[in-house]
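Chain and residue survey
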Amino acid sequence: MSSLYWHTTGEGDYDLVLLHGWGLNAEVWQNIVPRLRPHFRLHLVDLPGFGRSQGFGALTLPEMAQQLLPHLPERAYLLGWSLGGLVASHIALTQPERVSALISVASSPCFTARGDWPGIKPETLESFQQQLSHDFQRTVERFLALQTMGTENARQDARQLKEVVLSQPMPSVAVLEGGLAILRQDDLRDALDKLTLPFLRIYGYLDGLVPRRVAEALDARWPDSPSVVMEKAAHAPFMSHPDEFCQQIIDFAQ
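Cut-offs applied
- Residues numbered from 1 in each chain as written.
- Predicted model: local features only at pLDDT ≥ 70, side-chain atom pairs only at ≥ 80, totals over all residues.
- Heavy atoms only, no water.
- Salt bridge = Lys/Arg side-chain N within 4 Å of Asp/Glu carboxyl O.
- Helix = DSSP H or I, 4+ residues; strand = E, 2+ residues; numbered from the N terminus.
- Buried < 20%, exposed > 50% of the residue type's maximum accessible area, 1.4 Å probe, protein only.
- Pairing = 2+ DSSP bridges.
- Right-handed = clockwise from strand over helix to strand, strands pointing away.
- Phe/Tyr/Trp six-rings, centres within 6.5 Å; stacked < 30°, edge-to-face > 60°.

1. Some details on the pattern of salt bridges
Opposite charge on two side chains allows them to pair when their charged atoms are near. Scanning the entire structure with this criterion turns up eleven salt bridges. The salt bridge partner of glutamate 141 is lysine 162, with a shortest N-O separation of 3.4 Å. With glutamate 141 in helix 5 (residues 136–148) and lysine 162 in helix 6 (residues 154–166), this pair connects stretches of sequence that are 21 residues apart. Its salt-bridge partner being aspartate 193, residue arginine 221 comes within 2.8 Å of it at the nearest N-O pair. Taken together, the positions of arginine 221 in helix 9 (residues 212–221) and aspartate 193 in the loop between helix 8 (189–192) and strand 6 (199–204) put the pair 28 residues apart, joining distant regions of the chain. In this structure aspartate 193 comes out as partly exposed when scored by relative accessible area, which is 37%.

Now the structure itself:
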């Protein structure tokens, strides 16, 4: 029996759905919830198979988005971090009438480096996938450490991410492999060229997983989509710079 964890809190007029990244769960947002609660009705979701959303196997990107649709408010701001950015983008593309605006955080329409497109080397993602079945916990920890590398509080932020993972049920190897397959295979660049919704993109200057060159490439490709590169942030800007991050979201919504 599968069930999706979905928790709503906040006093604001706008619905804001927060979708987390690979291996994690909705607890990752806890340090920004108090800052955003006065401005939004926040919808905190564990993606299918992650955290408290148990009973799911490996899902494709369309399948993952499909599981969220029945729970979505009538119209919402969708904020997706990393893998969650692909899920939010897919919903915005297939159900634009349900989405007021799209916000992607440290995310890319195509995570894998291809030709002159900057991204994660395919062999890096393949090695993560192979290691998952051998040493599940260490592989997840290694991925979390990559997300904070280079920031002033890298060790502290990585420890916080690890606590978030351990605070809830761990995803199965099959679910984690499914998430990595999405990061390795899916490419929404051409589809998002046609998106007409307001679309804010937030990046970390020090991000080793979504290089800042992605922001530059998409600035040229999507001139109507504003982007913000947070200078001392890596892959989790909401964790390292919560005040600056939340101000960007509030300003965009207003």
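2. A word on the pairing of strand 5 (residues 99–105)
When you tally the buried positions in strand 5, you get six out of seven residues, the bulk of the element. Summarising the sheet, strand 4 (residues 76–81) and strand 5 pair through six bridges and their orientation is parallel. Paired with tyrosine 77 across the strands is alanine 101, a residue of strand 5. Handedness of the strand 4-helix 3 (residues 83–94)-strand 5 crossover: right-handed. Relative to strand 6, strand 5 runs parallel, the two sharing four bridges. Note on strand 6: the bridge partner recorded for leucine 102 is phenylalanine 199.

3. Re unusual backbone geometry
Of note in the backbone geometry, serine 82 takes a positive phi value of approximately 55° without being a glycine. Inspection of the secondary structure assignment puts serine 82 in the loop between strand 4 and helix 3. A relative accessible area of 5% means that serine 82 is categorised as buried. For alanine 106, which is not glycine, the phi dihedral falls at a positive 45°.

4. Structural notes on the packing of aromatic side chains
Applying the stated criterion across every chain yields a total of eleven aromatic pairs. Ring geometry for tryptophan 81 versus phenylalanine 238: centroids 4.8 Å apart, planes at 80°, classification edge-to-face. A residue pair is termed long-range when its members are at least 10 positions apart, and tryptophan 81 in strand 4 and phenylalanine 238 in helix 10 (residues 237–240) qualify at 157 residues. The same class applies to tryptophan 81 as to phenylalanine 238, namely buried. One aromatic cluster is present, formed by Tyr14, Phe40, Tyr77 and Phe252 through successive ring pairs.

Honestly, it's all geometry; don't read function into it.
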